[in-house]
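Each chain, letter by letter, is given below.
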Amino acid sequence: MNFTDLNLIEPIAKAIQEQGYTTPTPIQERSIPDILNGRDFLGCAQTGTGKTAAFAIPILQNLSKNKVQNKHIKALILTPTRELAIQIEENIKAYGKYLPLKELVVFGGVKQGSQETALRRGVDILVATPGRLLDFIAQGIVSLKNLEIFVLDEADRMLDMGFVHDVKRIIKLLPQRRQTLFFSATMPSEIQKLADSILNNPVKVEVTPVSSTAETIKQSVYFVEKDDKLDLLTHILQNDISDSVLVFSRTKHGADKIARKLQASKISTEAIHGNKSQNARQNALNNFKSGKTRVLVATDIAARGIDIDELKYVVNFELSDVSETYVHRIGRTGRAGAEGSSISFVDGLDLLNLKNTEKLIGMKIPIVKDHPFHTDNLVAQKRDSNNKPAGARTDRPRASQTANTKKKPAVDAGKKPKNKSFFRKK
Ligand code: AMP
């Protein structure tokens, strides 16, 4: 199928062509005709599948049919993170560049002044994160009473991030008669219930089950002791990879530490996470996209939805306890069929997560041993919320350690296990 088969109006067809799109992605192929026909839509799809255009293109086309040119909000796209919101608005702007529709993005973490001014001037399509939208509604600056189309994007992430109550409050304020488009990478039961409660006989499309990782992504695992991870990353960036790399860190503190180490090794690096201001995050993202910064270190929430064309490498500095996160992370590369590689550093604290991740994706990830920090001696350990082995106390010694045992060496996490299994029973 070609975009020309989708009966798109000339201004949209032209804009899409300028984006370099010729063939609709599978979700677009299925969503565009039905959304154009006014159907509700349930898309089980993650970022990287082209889902933004899957809803943005038919929304633009349907709204451009409106005879009345007023600047009431007619389409609302609710999305969990600022980065994602900005990206969606950028896409809508690109696809709608030849249409007289006005789009705007609003999100928290920045002063509301300029967003408020733009809202007062009038907006057709609003992209928003839930908290800031509720603020504007409470202040009487936003009214949703003329809304025609509502998009709930990344519904599962809304749940993970604790936004589900805000989302439900917003839904209560929407007109009953509307078209609803619902997107989620996964469908846990709470999300399924929410979908059932707001969708009216939707067309259902599932494009990439969360457990499947793009076939174009070459995945690998590096076994390494925790204390060698920074050196391994530096080594790889200095010797093996010359491209840009997105590095995922479990913690904000960890992200900063990685960035400092790489900067000290003269590798241009920036970190983005929730403690950075919105402007700092956006600048870092822009620098990375333009190639000014070679390495971007990000926490999962900050990286959600980051859309970087031709990103070839993703490094998981640690593996997440939530296996689905692996799929989201490596989905930053290998987008829209391009080739990509993901490298996961695995120490004793990551072994259990590796096992769970491999179970989820249904394959063993090949182990790369050809590097100076490889170890076969990892021992599976549980991790606490500070990224330390569970039970390890760094603040003060345990009573048992203060008695006659002071001089005993600490348990060596790297000691070779007697049995060869990585997963020693405790
Ligand atoms: P998304 O899943 O919306 O985050 O989109 C993933 C990436 O695919 C973005 O970089 C889009 O610009 C790109 N994209 C979306 N639709 C197409 C298409 N039909 N052809 C080529 N690239 C696309």
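Details of the structure are given in the entry above.
Residues numbered from 1 in each chain as written. Predicted model: local features only at pLDDT ≥ 70, side-chain atom pairs only at ≥ 80, totals over all residues. Heavy atoms only, no water.

(A) Structural view of the overall build of the protein chain. Of the regular secondary structure elements, the protein chain holds 16 helices and 13 strands. Sequence-distant contacts, at least 24 apart, represent 77% of the contacts inside the protein chain between residues at least 6 apart. As displayed, the protein chain offers around 20600 Å² of accessible surface, 48% of which is attributable to carbon and sulfur atoms. (Helix = DSSP H or I, 4+ residues; strand = E, 2+ residues; numbered from the N terminus. Contact = heavy atoms within 4.5 Å. Areas by Shrake-Rupley, 256 points an atom, 1.4 Å probe, with all protein chains shown as cover.)

(B) View of the site of the ligand. In the region of the ligand, 16 residues are neighbours, and Y21, Q28, G48, G50 and T52 sit closest. Interatomic distance of 2.9 Å between a backbone N/O atom of T23 and a nitrogen atom of the ligand. Separating an oxygen atom of the ligand from a side-chain N or O atom of T52 is a distance of 2.6 Å. Contact with the protein chains hides 88% of the accessible area of the ligand, taken as 500 Å² for the molecule alone. In the shell around the ligand, the residues fall into four nonpolar, eight polar and four charged. (Near = heavy atom within 4 Å. Polar contact = N/O pair within 3.5 Å; in protein donor to acceptor, adjacent residues only side chain to side chain. Nonpolar A, V, L, I, M, F, W, Y, C, P; charged D, E, K, R; others polar.)

(C) Seen up close, unusual backbone geometry. A positive phi angle, near 55 degrees, is found at N7, a position not held by glycine. Within the element layout of this structure, N7 appears in the segment before helix 1 (10-18). Phi is positive for E154, which is not a glycine, with a value near 50 degrees. For E154, the position within the fold is in the loop between strand 5 (149-152) and helix 7 (155-160).

(D) Up close: helix 3 (residues 51-64). Taking 1.5 Å of rise per residue, the 14 residues of helix 3 would be expected to cover 20 Å, and the 20 Å separating its terminal C-alpha atoms lies within 8% of that figure. The buried count for helix 3 comes to 13 of 14 residues, which makes it a mostly enclosed element. (Expected span 1.5 Å × (residues − 1). Buried < 20%, exposed > 50% of the residue type's maximum accessible area, 1.4 Å probe, protein only.)

(E) Structural view of the pattern of salt bridges. Counted by the stated rule, this structure contains 17 salt bridges. Residue K93 pairs with E89 through a salt bridge whose shortest N-O separation is 3.8 Å. Of this pair, K93 and E89 both sit in helix 4 (residues 82-95), separated by four residues, roughly a single helical turn. Take E89: its relative accessible area is 10%, and that puts it in the buried class. A salt bridge links K229 to D347, with the shortest nitrogen-to-oxygen separation between them at 3.5 Å. Remark: D347 occurs in the loop between strand 13 (340-346) and helix 15 (351-361) and K229 occurs in helix 10 (residues 229-239); sequence separation between them is 118 residues. For the pair K229 and D347, a shared accessibility class is recorded, and that class is buried. Within this structure, K51, D153 and E154 form a network of salt bridges that share partners. (Salt bridge = Lys/Arg side-chain N within 4 Å of Asp/Glu carboxyl O.)

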